[in-house]
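# Geometric and topological summary
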Amino acid sequence: MDLPTRSRANSTVQYVCPEWTWPADELIHIREMSERSSVPASSLRYYEKLGLITSERETSGSQRRYSKSTFYKIILITLAQSAGFNLDEIAEQLRNLPDIHPLPPKVWGPLHKIWERRIDQRVAELKQLKINLRRCTRDASR
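Quick caveat, the model's predicted, so the values are computed rather than measured. (Residues numbered from 1 in each chain as written. Predicted model: local features only at pLDDT ≥ 70, side-chain atom pairs only at ≥ 80, totals over all residues. Heavy atoms only, no water.)

### Structural notes on the packing of helix α1 (residues 30-37) against helix α2 (residues 41-50)
Their axes nearest at 9 Å, the elements α1 and α2 cross at an angle of 105°. Considering the angle they form, α1 stands roughly perpendicular to α2. Counted together, I30, M33 and S34 of α1 and A41, L44 and R45 of α2 form the full contact between these two elements. Within the contact of α1 with α2, the residues separate by chemical class into four nonpolar, one polar and one charged. (Axes fitted to C-alpha atoms, helices over the stretch in contact; angles between N-to-C directions. Helix = DSSP H or I, 4+ residues; strand = E, 2+ residues; numbered from the N terminus. Parallel < 35°, antiparallel > 145°, perpendicular 65-115°, else oblique. Contact = heavy atoms within 4.5 Å. Nonpolar A, V, L, I, M, F, W, Y, C, P; charged D, E, K, R; others polar.)

Here it is, written out as structure tokens:
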């Protein structure tokens with residue numbers, strides 16, 4: 001899966017291929033997860049508070065450590081937000097996903113269709129907005 005990178009100047013997401021490897025059983029700290037996923041640590045803590053992701057801790061006061069499957073859930077959250085879903089909708093979608101990577105096609109397929117419908121809906125809304133803007137500009141010029 002390509003990794004998202006975000007520019008703080010705008011909200012567009014660009015995807016780049018990872019140049020690192022991640023052993024299946026390795027756990028990483030929140031700072032490294034933030035760097036790898038391009039999601040601020042504060043957002044990661046918030047996602048965990050909402051139950052969107054989980055971390056593993058040896059004791060209640062120890063640092064958060066994340067698995068590879070959690071990394072991919074974070075990427076899915078980022079993609080879903082880019083598609084226009086709010087965190088409540090994303091939580092509902094994630095409830096159906098197993099905590100594994102890669103996701104089996106039978107699991108990913110239905111979610112993919114939901115996301116495509118949302119993206120198509122957003123494209124239609126933007127096209128209508130463009131039409132409305134042209135009308136408004138035309139009417140203001142008269």
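### Describing the packing of α1 against helix α3 (residues 68-82)
Two numbers describe how α1 lies on α3: the axes approach to 10 Å, and their chain directions differ by 45°. Here α3 runs oblique to α1, going by the angle between their axes. Both α1 and α3 take part in a crossing whose hand is right-handed. Taken together, the residues of α3 that come into contact with α1 (itself represented by M33, R36 and S37) are T70, F71, I74 and I75. For the contact of α1 with α3, a count of residues per class yields four nonpolar, two polar and one charged. (Left-handed = near helix turned anticlockwise from the far one by under 90°.)

### Here's the deal with the packing of aromatic side chains
In this structure the tally under the stated criterion is three aromatic pairs. On the numbers, 6.4 Å between centres and 40° between planes, the contact of F85 with W115 is tilted. Of this pair, F85 sits in the loop between α3 and α4 (87-94) while W115 sits in helix α5 (residues 105-140), and the two are 30 residues apart along the sequence. Just as F85 is buried, W115 falls in that class too. (Phe/Tyr/Trp six-rings, centres within 6.5 Å; stacked < 30°, edge-to-face > 60°. Buried < 20%, exposed > 50% of the residue type's maximum accessible area, 1.4 Å probe, protein only.)

### Focus: the nonpolar core
Residues M33 and L44 are the most contacted members of the largest nonpolar core, which totals 25 residues. Broken down by secondary-structure element, the contributors of at least two residues to this core are α1, α2, α3, α4 and α5. With seven residues, the single largest contributor to this core is α3. Here L44 is in contact with I30, M33, S34, V39, I53, Y66 and I74, once residues within four sequence places are set aside. (Core = buried A, V, L, I, M, F, W, Y, C linked by side-chain atoms within 4.5 Å.)

### A look at the confidence of the model for the protein chain
With 83% of its residues at a pLDDT of 70 or more, the protein chain shows a mean pLDDT of 83. Within the protein chain, the element-level pLDDT minimum falls on strand β1 (residues 3-6), averaging 49, and the maximum on α2, averaging 95. Here residues 6-10 is a poorly scored stretch, pLDDT under 50, and it has seven contacts once near neighbours within four places are set aside; other chains count. (pLDDT = per-residue confidence, 0-100.)

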